[in-house]
Amino acid sequence: PGFQQDNLDAKEAHAFAREIGFPVMIKAAMGGGGRGLRIVREEAEFESAYERASNEALQAFGDGRMFLEKYIENPRHIEIQVLADTYGNTVHLYERDCSVQRRHQKIVEEGPVTIAPPETLRE
């Protein structure tokens, strides 16, 4: 679950965080590379983390807007690429596991994916 709107303020975000439960991740709407990103595990930390993340995003990207999503512990980051042309021909370039990351940036892309059954990957 996540929450995004043009002018999400700290109070609205905090109310949504209570609704979905902690931990949550506060992310810069225009960000990347882990800038303007905070993982909040305890409700008492929320407002200060939101302000710090928003200020960091404003300085780094010129935009302090934020969005919020449920933080998932130990996720797997699986990607696929699909290519298509104007004639409707498509091809996929299989899947790769991009779970090895540092500061939310991929370090290793490993393929084929071995952590999920093939039938799950084909769904």
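Note that this is a predicted model, so its numbers are computed, not measured. (Residues numbered from 1 in each chain as written. Predicted model: local features only at pLDDT ≥ 70, side-chain atom pairs only at ≥ 80, totals over all residues. Heavy atoms only, no water.)

Caption draft 1: Up close: the side chain of aspartate 97. For aspartate 97, the position within the fold is in strand β6 (residues 90–97). A distance of 2.5 Å separates polar atoms of two side chains, one belonging to aspartate 97 and the other to arginine 76. A distance of 2.5 Å separates the side chain of aspartate 97 from the side chain of serine 99, its partner in a polar contact. In this structure aspartate 97 touches Arg76, His77, Ile78, Val108, Glu109, Glu110, Val113 and Ile115, once residues within four positions along its chain are discounted. (Helix = DSSP H or I, 4+ residues; strand = E, 2+ residues; numbered from the N terminus. Polar contact = N/O pair within 3.5 Å; in protein donor to acceptor, adjacent residues only side chain to side chain. Contact = heavy atoms within 4.5 Å.)

Caption draft 2: Just a nonpolar patch on the surface, in detail. On the surface, Leu83, Val91 and Leu93 cluster together into a nonpolar patch covering about 250 Å² of accessible area. Within the secondary structure layout, valine 91 lies in strand β6. (Patch = residues over 30% accessible without salt bridge, like charges linked within 9 Å, V, L, I, M, F, W, Y side chains within 5 Å. Areas by Shrake-Rupley, 256 points an atom, 1.4 Å probe, with all protein chains shown as cover. Salt bridge = Lys/Arg side-chain N within 4 Å of Asp/Glu carboxyl O.)

Caption draft 3: Looking closely at the packing of helix α1 (residues 10–20) against helix α2 (residues 46–61). Taken N-terminus to C-terminus, the directions of α1 and α2 make an angle of 130°; their axes are 10 Å apart at the nearest point. Relative to α2, the element α1 lies oblique. In terms of crossing hand, the pair formed by α1 and α2 is right-handed. Taking contact as the criterion, the partners of Ala10, Ala13, His14 and Ala17 in α1 are, on α2, Phe46, Glu47, Tyr50 and Glu51. Residue composition of the contact of α1 with α2, by class: five nonpolar, one polar and two charged. (Axes fitted to C-alpha atoms, helices over the stretch in contact; angles between N-to-C directions. Parallel < 35°, antiparallel > 145°, perpendicular 65-115°, else oblique. Left-handed = near helix turned anticlockwise from the far one by under 90°. Nonpolar A, V, L, I, M, F, W, Y, C, P; charged D, E, K, R; others polar.)

Caption draft 4: Spatial organisation of the nonpolar core. Val24, Ile26, Phe46, Tyr50, Met66 and Leu68 are the most contacted members of the largest nonpolar core, which totals 17 residues. Among the secondary structure elements, those contributing two or more residues to this core are α1, β2 (24–28), α2 and β4 (66–70). Excluding its chain neighbours within four sequence positions, the residues that come into contact with tyrosine 50 are Leu8, Asp9, Ala10, Ala13, Ile26 and Met66. (Core = buried A, V, L, I, M, F, W, Y, C linked by side-chain atoms within 4.5 Å. Buried < 20%, exposed > 50% of the residue type's maximum accessible area, 1.4 Å probe, protein only.)

Caption draft 5: Geometry of the environment of isoleucine 78. Its location among the elements puts isoleucine 78 in strand β5 (residues 78–84). For the pair isoleucine 78 and serine 99, spaced 21 residues apart in sequence, the C-alpha to C-alpha distance is 7.2 Å. If we ignore the near neighbours within four places in the chain, the residues touching isoleucine 78 are Glu95, Arg96, Asp97, Val113, Ile115 and Leu121.

Caption draft 6: Focus on α2. Here α2 contains 16 residues, and its C-alpha end-to-end distance of 22 Å stays within 8% of the 22 Å for a straight helix at 1.5 Å per residue. What α2 keeps buried is the set Phe46, Ala49, Tyr50, Ala53, Ser54, Glu56 and Ala57. All buried residues of α2 project into a common sector of 165° when viewed along the axis, lining one side. Those residues of α2 hidden inside the fold are in contact with α1, β2, β3 (38–40) and β4. Two residues or fewer past α2, glycine 62 is found with a positive phi of approximately 75°. (Expected span 1.5 Å × (residues − 1). Arc of directions from axis to C-beta.)

Caption draft 7: Spatial organisation of α1. Along α1, the positions that sit buried rather than exposed are Ala10, Ala13, His14, Phe16, Ala17 and Ile20. Looking straight down α1, one finds its buried side chains confined to an arc of 165°; they lie on one side. Counted as exposed and oriented over 90 degrees from the buried face of α1: Lys11 and Glu19. You can read the cap of α1 off the contacts: a side-chain oxygen lies 3.2 Å from the backbone nitrogen of lysine 11, and it is on aspartate 9. Phi for glycine 21, located one or two positions after α1, is positive at around 90°.

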